[in-house]
Amino acid sequence: MLLRGCFWAWIVLAGTSWAWARPPNVVVILSDDQGTLDTGLYGSEDLETPHLDRLAREGIRFTRFYAAAPVCSPSRAGLLTGRHPVRAGVPGNTTSEKGKPGMPSEEITMAEMFRNAGYATGHVGKWHLGYIPEHMPNGQGFDYSFGHMGGCIDNFSHFFYWQGPNRHDLWRNGEEVHAPGRFFPDLMVEEATAFLREHRDRPFFLFFALNTPHYPYQGETEWLERYQDLSYPRNLYAAFVSSMDARIGRLLDAIDSLGLREETMVVFQSDHGHSTEERAHFGGGNAGPYRGAKFSLFEGGIRVPAIVRYPGRIAVDEQRAAAAHSCDWLPTLAELAGVALPGCKLDGRSLREVIFEGDAAAPERRLHWMTGGDPEAAQWAVMEGDWKLIGNARDTSLGDKEENLTELFLSDLGRDPGERRNFAVEHPEVVERLRIAHWDFARELPR
C-alpha cells in the first residue's frame, strides 16, 4: 500500500536566484465551467471580456493548457496540491452536503505551502473540497475564508438547489453568514479587496475561486440586453461570462489602487471546459474546434484558457504553445516566489523556463487523467507529446446526446487537434505503450 499523505521537507529550489525586498504576493483566479475559447484573446468573436484580455496582454497566455480534471472538485484538488487528483484523494466531485468529508487533510495545499513561508492566506469564493471543519478552507491552510462550500449556489439567495432539501451555503471562517439579495460575485470582490487591504504590508496568497459561469446562468441585465441577439443559450452564458469578467476587472483594479501591482503575481485559468448539462441549458460555452466539454477527456473538456501576469518580471502580450497543466502552478509559483515545496510526490513541474524562454519545450513527462476511483470503470487518459490515449471516453459535446466510446481512442493532436479521427488501429504500438503507462500510474495510487 502506498501512502497518500505529504510531509514537509524544506527543499532548496535549485537555480532560484531571486532576491526580493519582500516575497511577491500571489493571486490565483479560477473560473468555473468556462469554455476553451470563451475570452476575446482566445478567439471568441461574440462575447466581451476586456479585463481578461487586458490581463493576457499584460502577461503571458498559454495556448495549450490543461485542467487537472474535467469536473470541479478534482480540478481544484489538482491545482491546490500539485498532484493528480486521484493521487490527492479526490477522484470525482465531493458531496455538497454539510458534514461530509472531502480532500484528505494529509494533502498539503498551496495555501499551506505559502503560509509556512510566512504568507497571509485567503480563500474567497467556491470551495467544493469538503464540508467538515478539517476539510474546509480553514482546515486546509487558509487563514481567512469566505464563500460557499458546495458545488453550486444561487447567486442571490446563496442556497444550494441541486437536490432537496434546499440548503443555505454561505460561510465566513466556518461560521454561517447571510447576505440575502446580494450578488455573490460582488460579495467576492468586496471580501477579496478587504483581504488585500488588510495584508498589503506583508506577503499574501489569495485563492479567488469564482463560481461563474457555472450554472445557474445569472448574468446582469446590461449584459443580457447586450447579447439579446445571440442564439439561446449562448446569450445567457455570454452575459454571465461578461458579468464575471467585470468582477475580475474590479479585483485587478483593487490590486492596482493599493499599490500592489508590481509585486503581485496573478494567475488565471478555468477549472475545465463548459457545461452541456441540462441545468446549463445544454450548453452556451464554446470549445471551438475541440471535441468534448465538461466531464469529457477530449480536448474540449480539459483544454482551458490560462494566463500569468507579473509586471516587470515576465514578458507581456506573449503566447506559450508548450503543453502545461494546472498541477504545474504549485511548483512554478514556489520557484518564482522562492518558497519551499512540500516533500511529497508532485505531478506538476515548474514552468519557469517556459515562462521566461518563449521557445522552451514543455517539461518532459507524461500527463495523466482519471475520473472516478475504479480504474476499470474510470474514464482515463494519458498524453505523451501529441499522442493522447483515452479509455472509456465520453463525448459530452452535444449534452443530452452524449456519446460513450467503448474502444480505446488514440488522438494525434498534431494532425487532428479536433480529435475526430481515432488513430488506434494505425498505431497499435503507441496504444500499447500508453495503455501500459496508464496501468503503471494506476498501480501507484493509494487504495
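This write-up is about the structure you can find in this document. (Residues numbered from 1 in each chain as written. Predicted model: local features only at pLDDT ≥ 70, side-chain atom pairs only at ≥ 80, totals over all residues. Heavy atoms only, no water.)

### Some thoughts on the side chain of Gln140
Right, on to step 1. Relative to the assigned elements, Gln140 resides in the loop between β4 (120–126) and β5 (144–148).
Right, on to step 2. Ignoring anything within four residues of it in the chain, the contact list for Gln140 reads Met103, Pro104, Ser105, Glu107, Thr109, Ala111, Glu112, Trp127, Glu134 and His135. (Helix = DSSP H or I, 4+ residues; strand = E, 2+ residues; numbered from the N terminus. Contact = heavy atoms within 4.5 Å.)

### As for the pairing of β4
Right, on to step 1. Counting buried positions along β4 yields seven of seven residues, so the element is predominantly enclosed.
Right, on to step 2. Where β4 meets strand β10 (residues 204–209), six bridges bridge the pair, whose relative direction is parallel. Counted as the bridge partner of Val124 is Phe208 from β10.
Right, on to step 3. Inspection of the sheet shows β4 paired to β5 by five bridges, in the parallel sense. Bridging across to β5, Lys126 finds its partner in His148. (Buried < 20%, exposed > 50% of the residue type's maximum accessible area, 1.4 Å probe, protein only. Pairing = 2+ DSSP bridges.)

### A few points about the sheet that holds strand β17 (residues 387–391)
Adjacent strands of a sheet pair through backbone hydrogen bonds, lying either parallel or antiparallel.
Right, on to step 1. Read from one edge to the other, the open sheet built from four strands follows the order β15-β16-β17-β20, with strand pairing classed as antiparallel. In this open sheet, the two edge strands, each paired with only one partner strand, are β15 (367–371) and β20 (409–412). On average, each strand axis in the sheet is inclined to that of its neighbour by 15°, with strand direction left out of account.
Right, on to step 2. Pairing geometry for β15 and strand β16 (residues 379–384), over five bridges, is antiparallel. Paired with His368 across the two strands is Val382, which belongs to β16.
Right, on to step 3. Along the sheet, helix α10 (residues 428–444) makes contact with β15, β16, β17 and β20, crossing β16 at roughly 120°. (Axes fitted to C-alpha atoms, helices over the stretch in contact; angles between N-to-C directions.)

### Some points on the nonpolar core
Right, on to step 1. Grouped together as the largest cluster of nonpolar side chains are 50 residues, with contacts concentrated most on Phe62, Met110, Phe114, Phe205 and Trp329.
Right, on to step 2. It is helix α8 (residues 329–337) that provides the largest number of residues to this core, a total of six residues.
Right, on to step 3. Grouped together as the second largest cluster of nonpolar side chains are 49 residues, Leu55, Val124, Leu187 and Val266 included. (Core = buried A, V, L, I, M, F, W, Y, C linked by side-chain atoms within 4.5 Å.)

### With respect to the packing of helix α4 (residues 184–198) against helix α6 (residues 234–257)
Right, on to step 1. Closest axis-to-axis distance for the α4/α6 pair is 10 Å, and the angle between their directions is 15°. Taken as axis vectors, α4 and α6 run roughly parallel relative to one another. Our pair here, α4 against α6, has a crossing hand that is right-handed. Within the contact between the two elements, α4 uses Pro185, Asp186, Val189, Ala192, Thr193 and Leu196 and α6 uses Arg247, Arg250, Leu251, Ala254 and Ile255.
Right, on to step 2. Class assignment for the residues of the contact of α4 with α6 results in seven nonpolar, one polar and three charged. (Parallel < 35°, antiparallel > 145°, perpendicular 65-115°, else oblique. Left-handed = near helix turned anticlockwise from the far one by under 90°. Nonpolar A, V, L, I, M, F, W, Y, C, P; charged D, E, K, R; others polar.)

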